[in-house]
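The lines below spell out each chain.
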Amino acid sequence: MQYLLLAINSVLIGNLILSKFLGICPFLGVSRKVSTALGMSMAVLFVMALASTVTWVLFYTLLKPFGLEYMRTIVFILVIASLVQLVEMVIQKVSPVLYEALGIYLPLITTNCAILGVAIDTIEKGYNFIGMLVYAIFGAIGFAIALLLFAGIRERLETSDVPEAFKGAASSLIVAGILSLAFMGFSGLVPG
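My aim in this report is to walk through the structure given alongside it, one point at a time. (Residues numbered from 1 in each chain as written. Predicted model: local features only at pLDDT ≥ 70, side-chain atom pairs only at ≥ 80, totals over all residues. Heavy atoms only, no water.)

## Remarks on the overall build of the protein chain
Condition: Here a helix means four or more residues in a row that DSSP labels H or I, a strand means two or more in a row labelled E, and each is numbered from the N terminus. When we talk radius of gyration, it's over C-alpha atoms, and the globule rule is simply 2.2 Å times the number of residues to the 0.38. We call a residue buried when its accessible area falls under 20% of the maximum for its residue type, exposed when it is over 50%, and partly exposed in between, using a 1.4 Å probe and counting protein chains only. Contacts are residue-level and defined by heavy atoms, with any inter-residue pair within 4.5 Å sufficient.
On a plain count of helices and strands, the protein chain comes out with 8 helices and 0 strands. When the helices and strands of the protein chain are placed in sequence order, the string is α-α-α-α-α-α-α-α. Its C-alpha atoms give the protein chain a radius of gyration of 17 Å, within 12% of the compact-globule value 16 Å for 192 residues. Principal axes of the C-alpha set define a box for the protein chain whose edges measure 60 × 45 × 25 Å. Expressed as a percentage of the 192 residues in the protein chain, the buried residues total 43%. Contacts in the protein chain between residues far apart in sequence, at least 24 positions, make up 78% of those at least 6 positions apart.

Have a look at this one:
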């Protein structure tokens with residue numbers, strides 16, 4: 001039951017983008033088309049799950065036993081950067097079209113604060129291995145939901161009759177704010 005609550009919390013209540021405001025760069029950058037947002041979501045899901053797993057294992061097998069907890073952020077960034085390089089090479093080979101569509105935002109997953117935030121959060125909250133996996137995977141799913149919702153709305157706005165003053169970034173930021181307010185409505189869903 002605790003893992004179900006953690007999953008619900010990760011997707012809706014503590015949504016990385018819309019509640020914790022982590023990962024705003026890809027949220028605004030690759031959300032013009034649903035197809036691009038889906039590709040970014042899959043890349044983030046893979047990197048977040050794998051990075052959280054590797055960093056959790058490294059922290060509890062190397063850093064903590066040897067009193068090197070202060071190296072956590074540097075080690076975590078190196079792990080994330082390595083995994084992003086791997087994902088970038090795979091996407092370039094498997095789907096060159098998606099690789100081109102993601103452009104600069106694919107390497108920017110390295111500096112996506114949502115991935116580093118989840119890796120650090122799992123350590124600070126003291127999650128066990130299963131809790132870390134649930135938090136990372138469902139956090140990435142929440143990231144994907146927010147990104148896909150936003151991309152769908154932005155695509156729709158492109159074909160809608162929007163006043164000139166609200167075209168482009170203005171309407172995107174208004175929609176982002178409204179989505180964030182909507183997700184804040186989930187805050188009382190899980191007690192505690």
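Read on for the rest.
## A short note on the packing of helix α3 (residues 34–63) against helix α7 (residues 129–158)
Worth spelling out the cut-off: The convention used is that axes are lines fitted to C-alpha atoms, helices contributing only their stretch in contact, and that angles between N-to-C directions extend from 0 to 180 degrees. For classification purposes, angles smaller than 35 degrees are called roughly parallel, those larger than 145 roughly antiparallel, those between 65 and 115 roughly perpendicular, and all remaining angles oblique. Left-handed is the label given to a crossing in which the near helix is rotated counterclockwise from the far helix by less than a right angle, and right-handed is the label when the rotation is clockwise. Gly is placed with the polar residues, together with every amino acid not listed as nonpolar (Ala, Val, Leu, Ile, Met, Phe, Trp, Tyr, Cys and Pro) or charged (Asp, Glu, Lys and Arg).
Two numbers describe how α3 lies on α7: the axes approach to 9 Å, and their chain directions differ by 165°. Compared by their axis directions, α3 and α7 come out roughly antiparallel. The handedness of the crossing between α3 and α7 comes out as right-handed. For the contact of α3 with α7, the class distribution of residues is 21 nonpolar, 5 polar and 1 charged.

## Quick look at the layout of surface pockets
Heads up, the condition is: Buried and open spaces are told apart on a 1 Å grid over the protein atoms alone, a cavity being a set of points where a 1.4 Å probe fits but cannot get out and a pocket being an open set with protein on both sides within 12 Å along at least five of seven lines. Residues with an atom within 4 Å of a point are the lining residues. Grid points are joined across faces, edges and corners, and a volume is the space filled by probe spheres set on the points.
The computed volume of the largest pocket comes to approximately 210 Å³. Elements represented by at least two residues in the lining of the largest pocket include exactly α7 and α8 (169–184). Split into classes, the residues belonging to the lining of the largest pocket amount to 4 nonpolar, 4 polar and 4 charged.

## Some remarks on the packing of aromatic side chains
Applied cut-off: Any two of the Phe, Tyr and Trp rings considered here, Trp counted by its six-membered ring, make a pair once their centres fall within 6.5 Å; the pair's planes then place it as stacked at under 30 degrees, edge-to-face at over 60, or tilted in between.
All chains considered together, the criterion is met by 6 aromatic pairs. Seen from their ring centres, Trp56 and Phe129 are 5.3 Å apart, and the 70° between their planes marks the pair as edge-to-face. With Trp56 in helix α3 and Phe129 in helix α7, this pair connects stretches of sequence that are 73 residues apart. Residue Trp56 is classed as buried on the basis of its relative accessible area of 16%. With a relative accessible area of 32%, Phe129 lands in the partly exposed category. Among the aromatic residues, those joined into a cluster by ring pairs are Trp56, Phe59, Tyr60 and Phe129.

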